[in-house]
Amino acid sequence: MPAPPSLTRQCREEALRLGFDACGFAPIEVKLRKEYYRRWIEEGRHGNMSWMERNNDRRLNPAKIIPGARSIVMVGLNYFQPEPDMRGRIAKYALGRDYHPLIYKRLKKLCAWMRERGGAQKPYVDTGPLLEKPIAVEAGLGWLSKSTLLLHRRFGTWLFLGAVVTTLEFEPDPVDSDHCGSCRRCLDVCPTDAFPAPYQLDASRCISYLTIEHRGSIPMTFREAIGDRVFGCDDCLDVCPWNRWARTTRETKFLFPGLPDLRETLSWKEADFNRHFRGTSLARLKLPRWKRNVCVVLGNIGVEADLPALACLARGTDPMVAEHAHWAIGKITSRQVSKKEAVKGMPPS
Ligand code: B12
Ligand code: SF4
Ligand code: SF4
């Protein structure tokens with residue numbers, strides 16, 4: 001029996017009261033491009049994220065998540081904040097505290113509210129096989145943009161997503177239409193050409209993947225394109241015209257607490273890394289991959305003063321870090337040589 005419209009309204013109010021910025025409802029028989037997903041995996045677009053090959057029966061059929069599931073409640077949380085002034089860039093989503101526990105805690109409260117009304121629930125925030133973006137589209141939160149991100153009319157693409165699969169039946173929200181129009185800024189700005197076509201992403205080329213998910217050495221072909229991005233990338237979000245009206249998040253926990261200069265982090269021990277990054281999204285990187293990424297960034301933007309710290313790493317015991325440090329030293333040194341040659345070639349003043 002369909003739930004009364006008032007239950008849908010009350011649930012949305014509860015989600016907003018819990019601190020979410022947006023909430024919408026999708027039917028459990030949500031439209032997903034199953035073939036697209038299967039092909040994406042077959043073509044290896046997921047790189048080494050092998051977990052994406054598993055649990056596809058559930059991922060592509062959310063009705064199988066809990067017996068008798070009828071709806072999916074989708075929530076959004078604005079995480080925008082202005083770019084902090086620092087050497088090297090960290091993607092905005094990772095500047096403050098990790099969003100997963102914060103959102104999960106609120107989703108569990110929402111689940112408790114639904115349980116009191118007779119529902120059985122399962123919450124998600126990147127915590128299981130669920131295609132959060134296309135489901136958010138079906139829940140009326142926005143449209144799937146050419147950058148492949150969910151674009152909300154008010155919050156743009158700066159919106160974390162979370163979901164609750166439930167046996168309660170809610171009134172589905174109307175689906176918004178695509179308002180990307182003829183724009184293609186996100187596609188053109190991508191430093192690594194990670195979009196084979198609009199609405200399609202080759203994750204294995206994305207800087208977010210290369211600096212966060214990828215283990216081992218960063219392929220040479222991408223090192224210069226990574227530029228000053230130490231963790232993740234926001235280029236395709238930064239250029240989006242719908243993000244012009246973005247307002248700073250209400251969540252003070254997401255705000256950037258500051259960080260020592262990148263050079264200083266090269267001499268960090270495990271305990272230093274943990275002290276600075278415990279409870280943030282950066283923690284999962286672990287120290288060697290942090291240093292690997294810092295080496296790439298210093299190779300691209302570093303100066304003479306960075307050389308001693310890099311030389312120290314180049315003599316270190318971790319072969320992956322040492323190789324990246326050697327690369328960075330080579331890059332900085334060749335920049336210095338060309339600068340000196342340019343000065344030599346200048347006429348005397
Ligand atoms: C794997 C993953 C990644 C991968 C792949 C990203 C991607 N675009 O799929 C990598 C590591 C690259 C990544 C990067 C980032 N991620 Co991420 N990531 C995920 C994760 C865990 C799974 C997504 C997934 O399954 N992708 C596989 C593709 C094939 O699936 P899909 O895009 O959902 O695909 C369907 C639709 O595209 C659909 N489709 C529907 N309509 C159409 C129309 C056409 C024409 C076509 C061709 C296809 C199509 O077909 C597909 C399936 O049927 C989700 C959380 C989740 N569980 O959903 C977060 C998530 C997508 N990431 C998020 C964020 C914030 C980011 C970054 C911004 C972080 C950063 N700054 O570094 C970047 C953005 C890069 C980008 N342009 O997408 C947010 C996005 C929020 C939002 N507003 O959309 C999510 C939802 C996490 C969250 N809970 O908030 N991420
Ligand atoms: S996050 Fe950066 S690298 Fe990844 S698709 Fe967007 S612009 Fe390209
Ligand atoms: S930059 Fe343009 S094409 Fe890309 S998501 Fe934004 S509006 Fe769409």
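Throughout this description, residue numbers start from 1 for each chain and increase along the sequence as written. Here chains are named by letter from A upward and ligands by number from 1 upward, in the order in which they appear as written. Local features in a predicted model are, by the rule used here, given only for residues with pLDDT of at least 70; side-chain atom pairs are given and counted only at 80 or more, and totals for whole chains, interfaces and linings are based on all residues. Each side-chain value is derived from all of the structure's non-hydrogen atoms; neither hydrogens nor water enter the calculation.

*Asks:* Quick question: what am I supposed to make of the domain arrangement of the protein here?
*Replies:* How big an interface is tends to be stated in terms of the accessible area lost upon association of its parts. An automatic or database domain assignment provides the domain bounds reported here. Per the domain assignment, the segments of the protein are domain 1 (1-256) and domain 2 (259-339). If you average the C-alpha positions of domain 1 and of domain 2, the two centres end up 31 Å apart. Any two residues whose heavy atoms approach within 4.5 Å at even a single point are treated as in contact. Contact with domain 1, which involves 29 residues of that partner, is made by 29 residues of domain 2. Of the roughly 2300 Å² buried between domain 1 and domain 2 on both sides combined, carbon and sulfur atoms contribute 54%. Each of two parts loses accessible area, computed with a 1.4 Å probe, when they are put together; buried area is these two losses added. Summed over the three residues of domain 1 that lose the most area to domain 2, namely R87, R223 and V230, the buried surface amounts to 32% of that side.

*Asks:* Help me out: how do you make sense of the site of ligand 1 in this one?
*Replies:* Around ligand 1 there are 39 residues in total, and R33, E132, K133, L150 and C233 lie nearest to it. For ligand 1, an oxygen atom lies 2.8 Å from a polar atom in the backbone of L150. We define a polar contact as two N or O atoms separated by no more than 3.5 Å, with the added condition that, inside protein, one atom must be a possible hydrogen donor and the other a possible acceptor, whereas residues neighbouring each other in sequence contribute only through side-chain atom pairs. Between ligand 1 and S208, the relevant distance is 2.9 Å, taken from an oxygen atom to a side-chain nitrogen or oxygen of the residue. We count a stretch as a helix when DSSP gives it H or I for four or more residues in a row; a strand needs E for two or more, and each element gets its number in order from the N terminus. Those elements that place two or more of their residues in the shell around ligand 1 are α2 (34-42), α5 (132-138), β7 (159-166), α7 (207-213) and α9 (235-238). Classifying every residue of the shell around ligand 1 gives 27 nonpolar, six polar and six charged. We call a residue near a given molecule or strand whenever any one of its heavy atoms falls within 4 Å of it. By the convention adopted, Pro, Cys, Tyr, Trp, Phe, Met, Ile, Leu, Val and Ala count as nonpolar, Lys, Arg, Asp and Glu as charged, and the other residues, Gly among them, as polar.

*Asks:* Sorry if this is basic, but what is going on with the site of ligand 2 here?
*Replies:* Every residue lining ligand 2 is accounted for by C190, P191, T192, F195, L201, C206, I207, C233, D235 and C236. Looking at side-chain class alone, the shell around ligand 2 contains eight nonpolar, one polar and one charged residues.

*Asks:* Looking at this model, I keep getting lost on the nonpolar core. Mind explaining?
*Replies:* What tends to happen in soluble globular proteins is that the nonpolar side chains get buried as a cluster. Counting residues in hydrophobic clusters, the biggest one holds 106 residues, and the most contacted among them are M74, Y93, I103, L110, M114, V165 and W290. Examining the composition of this core, we find that eight residues originate from one element, helix α4 (residues 99-115), more than from any other. When we break this core down by domain, the ones giving at least three residues each are domain 1 (1-256) and domain 2 (259-339). Beyond its immediate stretch of four places on either side in the chain, M74 contacts A22, C23, G24, E132, I135, A136, A139, L141, L161, G162 and A163. For this analysis, a nonpolar core means a set of buried residues of the types Ala, Val, Leu, Ile, Met, Phe, Trp, Tyr and Cys, connected via side-chain atoms within 4.5 Å. Think of it in three bands: with a 1.4 Å probe and only protein chains considered, a residue is buried below 20% of the maximum accessible area for its type, exposed above 50%, and partly exposed in between.

*Asks:* Please explain the packing of aromatic side chains as it appears in this structure.
*Replies:* Each aromatic pair joins two rings of Phe, Tyr and Trp (for Trp, the six-membered one) with centres within 6.5 Å, and gets the label stacked for planes under 30 degrees apart, edge-to-face for over 60, and tilted for any other angle. Scanning the entire structure with this criterion turns up 14 aromatic pairs. For the pair F80 and W158, a centre-to-centre distance of 5.4 Å together with 55° between the ring planes defines the contact as tilted. Residue F80 is found in the loop between β2 (71-78) and β3 (89-90), and its partner W158 is found in the loop between β6 (150-151) and β7; the two are separated by 78 residues along the sequence. Take F80 and W158: they sit in the same class, and that class is buried. With centroids separated by 5.5 Å and ring planes inclined at 80°, the aromatic side chains of F160 and F254 adopt a geometry described as edge-to-face. Highlighted residues: F160 in strand β7 and F254 in the loop between α9 and α10 (262-265), separated in sequence by 94 residues. Taking relative accessible area as the criterion, F160 reaches 7% and is therefore assigned buried.

*Asks:* Looking at this structure, I do not really get the pattern of salt bridges. What am I missing?
*Replies:* Pairing between side chains of opposite charge can happen when their charged atoms approach one another. Definition used for salt bridges: Asp or Glu carboxyl oxygen within 4 Å of a side-chain nitrogen of Lys or Arg. On inspection of all chains with the given rule, the structure shows 25 salt bridges. Among the ionic pairs, E83 bridges to K92, the shortest N-O distance being 3.2 Å. A salt bridge links D306 to R87, with the shortest nitrogen-to-oxygen separation between them at 2.9 Å. A residue pair is termed long-range when its members are at least 10 positions apart, and D306 in the loop between α12 (286-301) and α13 (307-314) and R87 in the loop between β2 and β3 qualify at 219 residues. Of the residues examined, D306 reaches a relative accessible area of 0% and is grouped as buried. Among the charged side chains, a network of salt bridges with common partners joins R87, D261, R263 and D306.

*Asks:* Help me understand α4 in this model?
*Replies:* One full turn of an α-helix is made of 3.6 residues, so residues set three or four places apart face in the same direction. The span expected for a helix works out to 1.5 Å for each residue beyond the first. Over its 17 residues, α4 runs 24 Å from end to end, which matches the ideal 24 Å to within 8%, given 1.5 Å per residue. Looking at α4, one finds that the buried residues are Y99, L102, I103, R106, L107, L110, C111, W113 and M114.

*Asks:* Could you clarify how one ought to interpret the side chain of D176 in this entry?
*Replies:* Tracing the sequence through the fold places D176 in the loop between β7 and α6 (185-189). A distance of 2.8 Å separates the side chain of D176 from the side chain of R153, its partner in a polar contact. Non-local contacts of D176, meaning those with residues more than four positions away in its chain, are made with G142, W143 and R153.

*Asks:* Explain a positive patch on the surface here, please?
*Replies:* Like charges are joined within 9 Å and nonpolar side chains (Val, Leu, Ile, Met, Phe, Trp, Tyr) within 5 Å, but only among residues with over 30% relative accessible area and no salt bridge; these make up the patches. The accessible surface values rely on the Shrake-Rupley method and a 1.4 Å probe; as for residues, cover is taken only from the protein chains in view. Two residue types count as positive, namely Lys and Arg, and two as negative, namely Asp and Glu; His and chain ends fall outside the count. For the purpose of locating charges, the reference atoms are NZ of Lys, CZ of Arg, CG of Asp and CD of Glu. Together, R97, K105, K109 and K253 make up a region of like positive charge exposed at the surface. Turning to its location among the elements, R97 is positioned in the loop between β3 and α4.

*Asks:* Looking at this structure, how should I read the sheet that holds strand β4 (residues 121-124)?
*Replies:* Adjacent strands of a sheet pair through backbone hydrogen bonds, lying either parallel or antiparallel. Between any two strands, at least two bridges found by DSSP are needed for them to pair. The strand order β1-β2-β7-β4 describes an open sheet built from four strands, whose pairing is antiparallel. Each edge of the sheet is formed by a strand with only one pairing partner; in this case those strands are β1 (22-27) and β4. Ignoring strand direction, the axes of neighbouring strands in this sheet form an average angle of 20°. Here β1 pairs with β2 via six bridges, running antiparallel. Across the sheet, residue A26 finds its bridge partner in β2, namely I72. Packing against the sheet, helix α1 (residues 5-17) makes contact with β1 and β2, and its axis sits at approximately 140° to β1. Angular values range over 0 to 180 degrees, each being the angle between N-to-C directions of two axes fitted as lines to C-alpha atoms, with helices fitted over their stretch in contact.

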